[in-house]
Amino acid sequence: YDASTSTLSSAVSVTVSISTSCAPAQLVGNPGFESGAVTWTASSGVIDSSTGRPSHAGTWKAWMNGYAAVHTDTVTQNITIPACATTATLSFWVRIDTAETGTGIYDTLTVAVKNSAGTSTLSTLGTYSNLNKNTAYVQKTFSLAAWKGQTVKLSFTGVEDSTLQTSFVIDDVTVNTN
């Protein structure tokens, strides 16, 4: 509008284009493991639908450790966080049950962000142990905003010692961006 002009122009067409790459999105493929190991890389037998440990939702989950023997299990997936995202939030549900007693840390679950090749840890988001045992799933949430514009590997690593079992069961892993 120009106040110095009192005449109207002819119609003008305007097209607005919104980039969908920065639309809110959930980035994890197969977040509830319901399609088995599709999009995930995991140690043999970790992604399963057995009834030995319940899933958070659905039938499948990632069940790491629980052998009562020296053992390491991993579950990983690469994700690309758009550079234009204002937030990127990792969320997952974890259930930890153990036969360990006392106050010592014997078995651990590490949640990390690694470079896309998985050869370098960029950040350890959380470490849980047999001391974090619970009878139900607990939701954990972390910001991944520091890795906007990058492809990173989400990594869950369970390590168990030589005696009493600890099971780390994860399910419904999401990375939501806005």
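Residues numbered from 1 in each chain as written. Predicted model: local features only at pLDDT ≥ 70, side-chain atom pairs only at ≥ 80, totals over all residues. Heavy atoms only, no water.

**Q** I keep staring at the overall build of the protein and nothing clicks. Help me out?
**A** When helices and strands are tallied, the protein shows zero helices and eleven strands. Counted from the first residue to the last, the protein has its helices and strands arranged as β-β-β-β-β-β-β-β-β-β-β. The buried share of the protein, reckoned over its 178 residues, is 41%. A sequence separation of at least 24 residues applies to 77% of the contacts in the protein between residues at least 6 apart. With an accessible surface of roughly 9,200 Å², the protein has 54% of that area assigned to carbon and sulfur atoms. (Helix = DSSP H or I, 4+ residues; strand = E, 2+ residues; numbered from the N terminus. Buried < 20%, exposed > 50% of the residue type's maximum accessible area, 1.4 Å probe, protein only. Contact = heavy atoms within 4.5 Å. Areas by Shrake-Rupley, 256 points an atom, 1.4 Å probe, with all protein chains shown as cover.)

**Q** What is the right way to look at the state of the cysteines in this model?
**A** Throughout this description, disulfide means a covalent bond between two cysteine sulfur atoms. In total, this model carries one disulfide according to the counting rule given. In this model C22 forms its disulfide with C84; the gap between the sulfur atoms is 1.2 Å. Every disulfide takes its handedness from the sign of the S-S torsion; for C22 and C84 that torsion is 125°, giving right-handed. A residue pair is termed long-range when its members are at least 10 positions apart, and C22 in the segment before β1 (25–26) and C84 in the loop between β5 (71–80) and β6 (88–98) qualify at 62 residues. On the basis of relative accessibility, which here comes to 24%, the residue C22 falls in the partly exposed class. (Disulfide = S-S within 2.5 Å.)

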